[in-house]
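Listed below, chain by chain, are the residues.
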Amino acid sequence: MAPVVVLWLAMCLGGTWAVDKGNFKTCDQSAFCKRQRALKPGESPYRALLETMELTNTRLTLQLINDNNKVRLLLELYRLQGNITRVKINELKPLKPRYEVPDVLIREPPTEPLSLLSQDENGVVLSLGAESQRVIVSARPFRLDIMEGREVLMSLNSRGLLAFEHLRMRKDTFSYKVTSTVASVWDYIKRVFTSQADPEAEKKEEADPANQAEAENVDEEKVEDGMWEETFKSHTDSKPNGPSAVSLDFSLPGVEHVYGIPEHADTLRLKTTDNGDPYRLYNLDVFQYELYNPMALYGAVPVMLAHNTQRTTGIFWLNAAETWVDISSNTAGKTVFGKMLDYVQGSSETPQTDVRWISESGIIDVFIMLGPKPKDVFSQYASLTGTQSFPPLTSLGYHQCRWNYNDQEDVKSVDAGFDEHDIPYDFIWLDIEHTDGKRYFTWDTHKFATPKEMLQGLMDKKRKMVAIVDPHIKVDSNYKIHNEIRSRGFYIKNKDGGDYEGWCWPGSAGYPDFTRIDMRDWWASMFAYDQYEGSMENLYTWNDMNEPSVFNGPEVTMHKDAMHGAWEHRDLHNTYGFYVQMATAEGLIKRSGGVERPFVLTRAFFAGSQRYGAVWTGDNAAEWDHLKISIPMCLSLGLVGISFCGADVGGFFKSPSTELLVRWYQTGAYQPFFRAHAHLDTPRREPWLFGPENTALIREAVRQRYTLLPYWYQQFYQAHRTGQPVMRPLWVEYPQDPATFTLDDEFLIGKDLLVHPVTEEGARGVTAYLPGKDEVWFDVHTFQRHNGAQNLYIPVTMSSIPVFQRGGSIIPRKLRVRRSSTCMEHDPYTLFVALNSQRKAEGELYIDDGHTFNYEKEEFIHRRLSFANNILSSLNLAPDAKFTTQSWIERIVILGASKPSKITLKAADGQESQVEFEFDASMSVLTLRKPGMNSGADWTVTLQ
Amino acid sequence: MSCQYHQHLLLPLLLSLLTAGVSSVEVQRPRGVSLSNRQFYEEGKPFTCLDNSATIPFDRVNDDYCDCKDGSDEPGTAACPNGSFYCTNAGFRSSFIPSSRINDGICDCCDTTDEYNSGAACQNTCRELGRKEMESLEKMAEIAKEGYRLKQLLIQEAKRGLEEKKKKLQDIQVTKKDLEDKVEALRTVKETAEQPEKEAKERHLKAWEDQKALIRMEKDMARMAEVFLELDDDGDGFVSVAELLSHSELNPDSDDSFTEAEAQVLLGGVDKVDTVTFEAVWNNIKEKYISEVTTVKTFSRLQEPFSDNDSEQLLQDNCKLYVRESFFTVFDINLEKEISFDFGPNSEFAYLYSQCYELTTSEYIYRLCPFNRVSQKPKYGGSETNLGTWGKWAGPEDNIYSVMKYEHGTGCWQGPNRSTTVKLTCGKETVVTSTSEPSRCEYLMEFISPAICQEPSSLESYFHEHQEL
């Protein structure tokens, strides 16, 4: 690394190992959060003006009035298809338009009819469709209650914390004074001298005398510090629009567990925030982030899930500005004994969780997803923001990354190292040093002089590469990308109208305005093979630093008063990274003429980012706690739609002990995105550098991953089709078992594999909770059978990765591990049939070409495998689909079986044949030798 | 399998290699089985896994299903996760590849036998590879031969040098003893002179002033000694023009670069100066000189004020002697150190001592001074960075002299101290051929020297061992 960079790091990022909290705002240091949090519950000034209610087939509108300042709001209420209620609140007549987040919803959500059930002067009751669900609008103070039968599911503004800072003129400035004193004169002049005065505006004003009258009655609102200008450290945020925050509270009766609102380095179950800062959602490049706190990180998905044994619901707060989320609970702090005492005494109030969302600008636009099951919430959310993109199969393999692989020679020797040590891998990655002076889309002319030669070398081994393309663009008149962006006016502007410039890896850099569709189209076109020199079809992309990271900006990000056309950066900050990845993925699709699926990794994200690729948990550290936190961090992302999640294996900062590295490989092998990465300053840590014993342990972990690729791929296909998460908390599958509600040291892949990785240093054993009182679980390594609903102690050695297959499931694997996933394309399958206590099992087999969009044209094989009454059969789930495979079934392993006398295979053409088998009585494992049928065919296997 | 060839000369063997592809008869055996294992695979007879874990009918050998735990029943298919496939590679070197590479669409064996059913269009490249290998082996043999000859010369030279140095050390130690005696004598004289020192108070004061000047002088002398040692990079007891050039601050005219001519002027017109001549040079450069190390050791022998001229004179003499003495001590130490270095089994690496070898890359000039230090200097200005000082021989047990390790260089930000691994390979010249930084602040240098060359015959046998025809 050049000394310059060292200097930069030292200057910009501080020299200590822990996060420098002083670089980031607390709620108290963020003026709107402080203002909003100071509001007391129970004093709502808002009243619903029922006489303004309009109910059409698709929506209800109603005005709200703030009795303190007489400012009116417009409430819109929609019933959306799939048991979702949308509540939108904006100013009735804002001084100028307020930002409504575009592009995140995949379409205008289809509505369902609302009907009026009853109405009086206190409120109205609307029916939310067939399931006896109603919404009650109370007028004074305004509140909404969503009911099912007699049960309140969720209440809005029940604590009276609805707050909507209306846009206003600045009163303490010269211009305001001029405006207010000369306004009438000006009006007069306008009338006299202009025949083209805006008749619309006048008409409106005249038509609404009430509004004028009210406006005059408005209490002089207190001007507080930070309303019109705010300074943090040396950065001043000019706030030309003044205060504009919005806030609303939600009460969740009967709920003690809430989840989601990533990204935070915290437990899966969200904590109450009464005694500290709220959870913060503001995409930031946090250097050496700290664990178990509510500080903001690289991405933000404003979606929270609430769960109890009866129901799961969700709240999607569609706002892209800086957001804080407060959580409180009436049972928090009560001990188990205290709760029991309440129960025994019968004096207990219902447990309740209260949540409050506060955003700096924009409007209130909230989607209430009413479940009732976890999977319903997932599909409800997917119907709004889309599902996980279906990744190329190869991207589910192992990724080898480092900042940096120094040159082509280095890439070649690392690639050869994998062959020499017989460890499979699919992608090798290049970080920023591969570029010509941090000019993305270019290559260092000395170190990467012939990139195509390098890529061809990888292609010859059916492997791929990812090169980084960050959104900060070096300001350099000799750099084509910069010149084009500048000449097209695509850069984000500073508050004074010039191109915004910040400091990042290349030095002074501009930031393209990815919120513009013309900018995104242009960016996408830069990935064309004739534009991106040295690129080939096996080169994919990594978007880092897209929070955006600005080394010399406030909180290491962009000034909030920077401008995206008419909008302030403040309004849309959290979507910047979302747009960067969107444009990049579009580029990779376009370069192949729409044929190939893209693979793009992003660090920053927002709701909807799942549509564009993978996410990783950013710059973690080589510490055991960081290994542990990778589980809840990825689980939380999965809950809000982003399934393709992983953490840097080994830890980015610092150097892992060999034990930690091995354990991290073992954990990462069972997480969706499996990539090792390391900081420039750390010693090399390719898998073979720690002695043959550890090389073997890492090889084995990676091989386990590759054998399971068919299952992973199938899970991603499901996630893409349905929005169900791939990596799941246990409670998602066992929603009625409270013992699962806080588990975040183990997880499920799909519903059939339970993983409890070893994440403790020097562990001699782990205790895994096996859920489901009717379930049985099979250790995938020993095939030992265990009953569900128990805490199972598992002694472990360095080679142990405790993984269990659910009885009742069938999992396809490819046991012939080769040097990359592409090399395994035609290899045969082994089916692992784990019988449940009813001696039944079900599973699926999904096969397509692994890399194109042709699956959308029904070019795939999708089969249901089921075992019942001693017959295993393969049924076509997609009879219209067309695809052929060379892959065949080489082996069927039935766990929990008894010994048959003979086994008959009946092929599609009716031909019958005997299948040889082996039976291991000690573990009740029946292995069918080489049944040999094609994986896409109909067949049955009968045990007699 | 290979022993019988050991007596052969290299060239005939290589020629036979070339013709092997033509003359050898393909022996019938299951796909992927090596000649040496052929005996275990008998057509038509039950096959016992090589680990004896099972016995299976012969038609299950290479039937694309894994029956043996050790993978030995499927040498020619990818069915076993742990199998290996034998490539005959006629015309080149035979080898084993993991059976997972069979029919994976990638050509691994140069004879293309691993891709018999994948549709991969492989070319038989064995002959070409064999030819190249032969050429390169011939070249290596030639280099090894010449290198080994040079090595013998180095060994002889080293033997002579060692004897000389031992003698020199002896001489120095004698001189040193002599000097020590002189210092002791002077000290006695001084102490005697100090005895009557009960004079008036003002004389004391004046003496105090004088003494301070003396202390300054003494410090200056001491610093001079240190600077000399600092400048004398190669420790040969002389400061040379080149060594002076590394201190650009000494440039007399700050306008342009520090030329050799200017350095020579500073040295009084000669190419190098010894310790005695250096005293004159020191006065010219001491104002400008920037030390490489910041701490300056001081002589703090003098505690009490001196009071008369005699003792002043004595002190001066004493000081000079002291400084000379310390020079000798250093040479003495250097020589002792040099003699004590591990210069290889026959001191063949001794010739590298006090030498430096440079390699210029696009950005930096790298400098390897064996048994001393490795450094890096930006090509276009900037200060030198220490990439490590001599640590140890660090090759594998059977070839410990193949790797040098230099450690404890300049620290990296948030990282380790810089260190350099120097890999030695046999060659006719002594030259640094490449440097890299595979891991942050861990450098790798490739260094060629005849001193590492082995007797050519061992190379030949190496080649034989990798043959199986």
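Fair warning: this is a prediction, and the values are worked out from it, not measured in the lab.

Now for the overall build of chain B. Each helix and strand in chain B was counted, giving 8 helices and 14 strands. The buried share among the 469 residues of chain B stands at 40%. Pairs at least 24 residues apart make up 48% of the contacts formed inside chain B by residues separated by at least 6 positions. As displayed, chain B has an accessible area near 25,000 Å², and 52% of this comes from carbon and sulfur atoms.

So, about the interface of chain B and chain A. Facing 28 residues of chain B, the contacting portion of chain A comprises 37 residues. There are 8 salt bridges connecting chain B and chain A. Its salt-bridge partner being A:Arg816, residue B:Asp64 comes within 2.9 Å of it at the nearest N-O pair. Inspection of the region where chain B meets chain A yields 17 residue pairs in polar contact (both at pLDDT 80 or more). In terms of residue count, strand S13 (residues 431–439) of chain B provides more of the side of chain B that touches chain A than any other element does, 3 residues in total. Of the residues assigned to the side of chain B that touches chain A, the class counts are 12 nonpolar, 6 polar and 10 charged.

Residue and element names in this part refer to chain A. Between helix H14 (residues 624–639) and helix H15 (residues 658–668), whose axes approach to 10 Å, the crossing angle comes to 5°. With respect to each other, H14 and H15 are oriented roughly parallel. Counted together, Trp624, His626, Leu627 and Ser630 of H14 and Glu659, Leu660, Arg663, Trp664 and Thr667 of H15 form the full contact between these two elements. Its residues placed into classes, the contact of H14 with H15 shows 4 nonpolar, 3 polar and 2 charged.

With that settled, consider the UniProt feature "coiled-coil region" (unreviewed entry) in chain B. The UniProt record annotates "coiled-coil region" (unreviewed entry) at residues 155–189 of chain B. From the first C-alpha to the last, residues 155–189 of chain B spans 51 Å; its make-up is 100% helix and 0% strand.

Another point: the packing of aromatic side chains. Per the stated rule, a full pass over the model turns up 67 aromatic pairs over all chains. Here the aromatic rings of A:Tyr665 and A:Phe674 are separated by 6.2 Å at their centres, their planes lie at 80°, and the arrangement is edge-to-face. Residue class for A:Tyr665 comes out buried when judged on its relative accessible area of 0%. Seen from their ring centres, B:Tyr364 and B:Tyr366 are 5.9 Å apart, and the 65° between their planes marks the pair as edge-to-face. Owing to a relative accessible area of 16%, B:Tyr364 belongs among the buried residues under this scheme.

As a further point, take the pattern of salt bridges. All names here are of chain A. Applying the stated criterion across every chain yields a total of 82 salt bridges over all chains. A salt bridge links Lys493 to Asp499, with the nearest nitrogen and oxygen atoms 3.5 Å apart. What makes Lys493 partly exposed here is its relative accessible area of 23%. One salt bridge connects Arg597 with Asp848, and the closest N-O pair in it is separated by 3.2 Å.

Attention now moves to the nonpolar core. Within the largest apolar cluster, 175 residues are counted, with the highest numbers of intra-cluster contacts made by A:Phe316, A:Trp523 and A:Tyr665. Of all hydrophobic cores here, the second largest spans 50 residues; its members include A:Leu281, A:Ile327, A:Val355 and A:Leu370.

Tracing the backbone shows B:Arg38 in the loop between helix H1 (10–23) and strand S1 (47–48). With 240 residues separating them in the primary sequence, B:Arg38 and B:Phe278 have C-alpha atoms 78 Å apart.

All right, on to helix H16 (residues 691–707) of chain A then. Residues and elements named next belong to chain A. If you check H16, its first and last C-alpha atoms are 24 Å apart, about what 17 residues at 1.5 Å a residue would give, namely 24 Å. All of the buried residues in H16 are Asn694, Thr695, Leu697, Ile698, Ala701, Val702, Arg703, Gln704, Arg705, Tyr706 and Thr707. Those residues of H16 that are buried lie in contact with strand S22 (398–400), H15, strand S34 (674–676), helix H17 (709–722) and strand S43 (809–813).

What follows concerns the pairing of strand S39 (residues 776–779) of chain A. Residue and element names in this part refer to chain A. On S39, burial covers both faces: Val776 and Phe778 on one face and Trp777 and Asp779 on the other are all buried. Relative to strand S40 (residues 785–787), S39 is paired through 3 bridges, and the arrangement is antiparallel. For Trp777, the partnering residue across the bridge sits in S40 and is His786. Following S39, the chain reverses through 5 residues before pairing antiparallel with S40; Phe783 in that reversal takes a positive phi of roughly 70°.

Now for the confidence of the model for chain A. Residue and element names in this part refer to chain A. Averaged over chain A, the pLDDT score is 92; the fraction of residues at 70 or greater is 91%. Here residues 1–16 scores under 50 on pLDDT; set against residues more than four positions off or in separate chains, the count is 30 contacts. Here residues 179–219 scores under 50 on pLDDT; set against residues more than four positions off or in separate chains, the count is 16 contacts.

For any two helices packed against each other, one specifies the crossing angle of their axes together with the interaxial distance. Residue and element names in this part refer to chain A. With their axes 8 Å apart at the nearest point, H15 and H16 run at an angle of 10° to one another. Classified by the angle between their axes, H15 and H16 sit roughly parallel to one another. Of H16, the residues touching H15 (which contributes Thr658, Leu661, Val662, Tyr665, Gln666 and Gly668) are Asn694, Leu697, Ile698, Ala701, Val702 and Arg705. A class-by-class count of the residues in the contact of H15 with H16 yields 7 nonpolar, 4 polar and 1 charged.

Quick look at the state of the cysteines now. Summed over all chains, the structure comprises 10 disulfides over all chains. Here B:Cys87 is linked by a disulfide to B:Cys109, with a sulfur-sulfur distance of 2.0 Å. Disulfide B:Cys87-B:Cys109: the torsion about the S-S bond is -45°, which places it as left-handed. Linking B:Cys87 in strand S3 (residues 84–87) with B:Cys109 in the loop between strand S4 (95–98) and helix H2 (126–194), this pair joins segments that are 22 residues apart in sequence. The residues B:Cys87 and B:Cys109 share a single accessibility class, namely buried. With a sulfur-sulfur separation of 2.0 Å, B:Cys107 is cross-linked through a disulfide to B:Cys122. For the disulfide bridge between B:Cys107 and B:Cys122, the dihedral angle about the S-S bond is near -90°, and by the sign convention the bridge is left-handed. Taken together, the residues span a long stretch of sequence, with B:Cys107 in the loop between S4 and H2 and B:Cys122 in the loop between S4 and H2 at a distance of 15 residues. Exposure remark for B:Cys107: the relative accessible area of 39% places this residue in the partly exposed category. Just so you know, A:Cys401 is unpaired, no disulfide at all, and the nearest cysteine sulfur is the one on A:Cys645, 16 Å from it.

The subject of this paragraph is the environment of A:Arg520. Residue and element names in this part refer to chain A. Tracing the backbone shows Arg520 in helix H11 (residues 517–525). Through-space distance from the C-alpha of Arg520 to that of Tyr579 is 7.9 Å; in sequence the pair is 59 residues apart. Aside from chain neighbours lying at most four places away, what touches Arg520 is Asp103, Phe514, Thr515, Tyr579, Met582 and Ala583. In this structure the side chain of Arg520 is engaged in a polar contact, spanning 3.2 Å, whose partner is the backbone oxygen of Thr515.

The next thing to look at is the sheet that holds strand S33 (residues 645–646) of chain A. Residue and element names in this part refer to chain A. In spatial order, the strands read S33-S32-S31-S28-S24-S23-S22-S34; together these 8 strands make up an open sheet with parallel pairing. The open sheet is flanked by S33 and S34, the only strands paired with a single partner. Of the strand pairs in this sheet, strand S24 (residues 464–468) and strand S28 (residues 539–543) are connected by 4 bridges, and their pairing is parallel. Paired with Ala467 across the strands is Thr541, a residue of S28. Seen against the sheet, helix H9 (residues 451–460) touches strand S23 (427–430), S24 and S28 and runs at an angle of roughly 140° to S24.

It is worth spelling out the domain arrangement of chain B at this point. Frequently, the measure chosen for interface size is the accessible area that the parts lose on association. Assigned domains within chain B: domain 1 (232–293) and domain 2 (350–449). Look at where the C-alpha atoms of domain 1 of chain B and domain 2 of chain B centre, and you get two points 26 Å apart.

For the rest of this paragraph, the subject is unusual backbone geometry. Residue and element names in this part refer to chain A. Each neighbour pair has its own omega, and for Gly371 with Pro372 the value is 10°, a cis peptide bond. The topology assignment puts Pro372 in the loop between strand S21 (364–369) and helix H7 (374–385). With an omega of 0°, the peptide bond running from Glu547 to Pro548 counts as cis. If you trace the backbone, Pro548 turns up in the loop between S28 and strand S29 (563–564).

Next up on the list: the sheet that holds strand S26 (residues 501–504) of chain A. Residues and elements named next belong to chain A. Reading across from one edge, S25-S27-S26 is the order of the 3 strands in this open sheet, with antiparallel pairing throughout. Each edge of the sheet is formed by a strand with only one pairing partner; in this case those strands are strand S25 (473–474) and S26. Bridge count between S25 and strand S27 (residues 507–510): 2 bridges; the pairing is antiparallel. Across the sheet, the residue bridging to Lys474 is Ala509, located in S27.

Calculation criteria
- Residues numbered from 1 in each chain as written.
- Chains lettered and ligands numbered in written order.
- Predicted model: local features only at pLDDT ≥ 70, side-chain atom pairs only at ≥ 80, totals over all residues.
- Heavy atoms only, no water.
- Helix = DSSP H or I, 4+ residues; strand = E, 2+ residues; numbered from the N terminus.
- Buried < 20%, exposed > 50% of the residue type's maximum accessible area, 1.4 Å probe, protein only.
- Contact = heavy atoms within 4.5 Å.
- Areas by Shrake-Rupley, 256 points an atom, 1.4 Å probe, with all protein chains shown as cover.
- Salt bridge = Lys/Arg side-chain N within 4 Å of Asp/Glu carboxyl O.
- Polar contact = N/O pair within 3.5 Å; in protein donor to acceptor, adjacent residues only side chain to side chain.
- Nonpolar A, V, L, I, M, F, W, Y, C, P; charged D, E, K, R; others polar.
- Axes fitted to C-alpha atoms, helices over the stretch in contact; angles between N-to-C directions.
- Parallel < 35°, antiparallel > 145°, perpendicular 65-115°, else oblique.
- UniProt positions renumbered as here; feature names shortened; annotations may be inferred.
- Phe/Tyr/Trp six-rings, centres within 6.5 Å; stacked < 30°, edge-to-face > 60°.
- Core = buried A, V, L, I, M, F, W, Y, C linked by side-chain atoms within 4.5 Å.
- Expected span 1.5 Å × (residues − 1).
- Pairing = 2+ DSSP bridges.
- pLDDT = per-residue confidence, 0-100.
- Disulfide = S-S within 2.5 Å.
- Domains from an automatic or database assignment.

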